[in-house]
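# Residue-level structure breakdown
Here is how the chains run, residue by residue.
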Amino acid sequence: AQTIHQWPVAEIKAVGSPLSLGCTIKGKSSPNLYWYWQATGGTLQQLFYSITVGQVESVVQLNLSASRPKDDQFILSTEKLLLSHSGFYLCAWVEAPGNTLYFGEGSRLIVV
Amino acid sequence: GDSVTQTEGLVTLTKGLPVMLNCTYQTTYSPFLFWYVQHLNEAPKLLLKSSTDNKRTEHQGFYATLHKSSSSFHLQKSSVQLSDSALYFCALSSPTGGYKVVFGSGTRLLVSP
């Protein structure tokens, strides 16, 4: 069975500091991976997706970037955090377009 | 572009009553519709999905029917339980629409004793 793990679980960071969030999926080769952002109680905003190593497509950037350094790894980062970056970041995978999204447990970020 | 509309932001009900959460969508592709449920401090999980017109799909007491003629995929349950309190998202994707998955704004369901 496929498992998706995100790290860290939670972070409190200062405005202007860098950020790196990670996502690893096991049990699935060449997964299609997504990053989503959710404000508290809000909708799920798709940020990036990647269908292969080294390739990332941006949907909405929000002053963030993403990378796919390994087949099973997806990284979300920024060099300078803004207050508006606070929220819940979710990594997800899908077998193919039109299929079910499976989410990781999420990383909660508070920017102060 | 593609869009999903959920008209209710908050629905409050007493246990045992029926519920319907509205979802309508717009797309030029063949629609695949999903309902995801998110409990407090958890990740969203799939509740229901459908791509077949006019066919009812059911899971855990919830049901929905995709109606392409009205571009709707409303979620229903005949008798809500306290454990149904959660945030519900309707989502749209398509095998021919690329890798974008569009979520509605979400409906929070609060069930009281």
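Before reading on, note that the structure itself is shown above.
Residues numbered from 1 in each chain as written. Chains lettered and ligands numbered in written order. Predicted model: local features only at pLDDT ≥ 70, side-chain atom pairs only at ≥ 80, totals over all residues. Heavy atoms only, no water.

## Points about the overall build of chain B
- The helix and strand tally for chain B stands at zero helices and 12 strands.
- Moving toward the C terminus, one meets the helices and strands of chain B in the order β-β-β-β-β-β-β-β-β-β-β-β.
- Relative to its length of 113 residues, chain B is compact, with a C-alpha radius of gyration of 14 Å against a globular reference of 13 Å.
- Seen through its C-alpha atoms, chain B measures out along the principal axes to roughly 45 × 30 × 20 Å.
- Here chain B holds 113 residues, and the buried ones make up 45% of them.
- Relative to all contacts within chain B whose residues are 6 or more apart in sequence, the contacts with residues 24 or more apart total 55%. (Helix = DSSP H or I, 4+ residues; strand = E, 2+ residues; numbered from the N terminus. Rg over C-alpha atoms; globule rule 2.2 N^0.38 Å. Buried < 20%, exposed > 50% of the residue type's maximum accessible area, 1.4 Å probe, protein only. Contact = heavy atoms within 4.5 Å.)

## With respect to the overall build of chain A
- Looking only at helices and strands, one finds zero helices and 11 strands in chain A.
- Against the compact-globule benchmark of 13 Å for 112 residues, chain A has a radius of gyration of 13 Å, which places it among compact chains.
- Its C-alpha atoms give chain A principal-axis dimensions of roughly 35 × 30 × 20 Å.
- Counting over 112 residues, chain A shows a buried share of 48%.

## Concerning the sheet that holds strand 3 (residues 19-21) of chain B
Residues and elements named next belong to chain B.
- Overall, antiparallel pairing links the four strands, which are arranged 3-9-8-7 in an open sheet. Single-partner strands in this sheet number two, and they are strand 3 and strand 7 (56-59). Going across the sheet, the axis of each strand differs from the next one's by a mean of 20°, ignoring polarity.
- Relative to strand 9 (residues 75-77), strand 8 (residues 62-65) is paired through three bridges, and the arrangement is antiparallel. Looking at the pairing, Tyr-63 lines up with Gln-76 of strand 9. (Pairing = 2+ DSSP bridges. Axes fitted to C-alpha atoms, helices over the stretch in contact; angles between N-to-C directions.)

## Structural notes on the environment of B:His59
- Within the secondary structure, B:His59 sits in strand 7.
- On the accessibility criterion, B:His59 (37% relative accessible area) is partly exposed.

## As for the pairing of strand 7 of chain B
- Sheet topology note: the strand 7 of chain B/strand 8 of chain B ladder contains four bridges and is antiparallel. Residue B:Glu58 lies in a different strand from strand 8 of chain B, and its bridge partner there is B:Tyr63.

## With respect to the interface of chain B and chain A
- Every contact between the two is made by 23 residues of chain B and, on the other side, 22 residues of chain A.
- When chain B packs against chain A, the two sides together hide about 1,800 Å² of surface, and 60% of this comes from carbon and sulfur.
- Among the residues chain B hides against chain A, the three largest losses belong to B:Tyr99, B:Val101 and B:Phe103. Together they make up 36% of the total.
- On the surface where chain B and chain A come into contact, there are zero salt bridges.
- For the pair chain B and chain A, the interface holds eight residue pairs in polar contact (both at pLDDT 80 or more).
- Looking at the side of chain B that touches chain A, the elements that each hand over two or more residues are strand 5 (32-38), strand 6 (45-50) and strand 10 (86-93) of chain B.
- Ranked by the residues each element gives to the side of chain B that touches chain A, the list is headed by strand 5 of chain B, at four residues. (Buried area = accessible area lost by both parts, 1.4 Å probe. Salt bridge = Lys/Arg side-chain N within 4 Å of Asp/Glu carboxyl O. Polar contact = N/O pair within 3.5 Å; in protein donor to acceptor, adjacent residues only side chain to side chain.)

## Digging into the state of the cysteines
- For the structure on display, the rule yields two disulfides over all chains.
- Put simply, A:Cys23 and A:Cys91 are joined by a disulfide, and their sulfur atoms are 2.0 Å apart. An S-S torsion of about -70° defines the bridge between A:Cys23 and A:Cys91 as left-handed. Taken together, the residues A:Cys23 in strand 3 (residues 19-26) and A:Cys91 in strand 9 (residues 87-94) connect sequence positions 68 residues apart. For the residue pair A:Cys23 and A:Cys91, the accessibility class agrees, reading buried in each case.
- Here B:Cys23 engages in a disulfide with B:Cys90; their sulfurs sit 1.9 Å apart. Every disulfide takes its handedness from the sign of the S-S torsion; for B:Cys23 and B:Cys90 that torsion is -60°, giving left-handed. Residue B:Cys23 is located in the loop between strand 3 and strand 4 (24-26), and its partner B:Cys90 is located in strand 10; the two are separated by 67 residues in the primary sequence.
- Under the relative-accessibility criterion, B:Cys23 is labelled buried at 0%. (Disulfide = S-S within 2.5 Å.)

Note that every value here comes from positions in space, so none of it alone points to a role or purpose.
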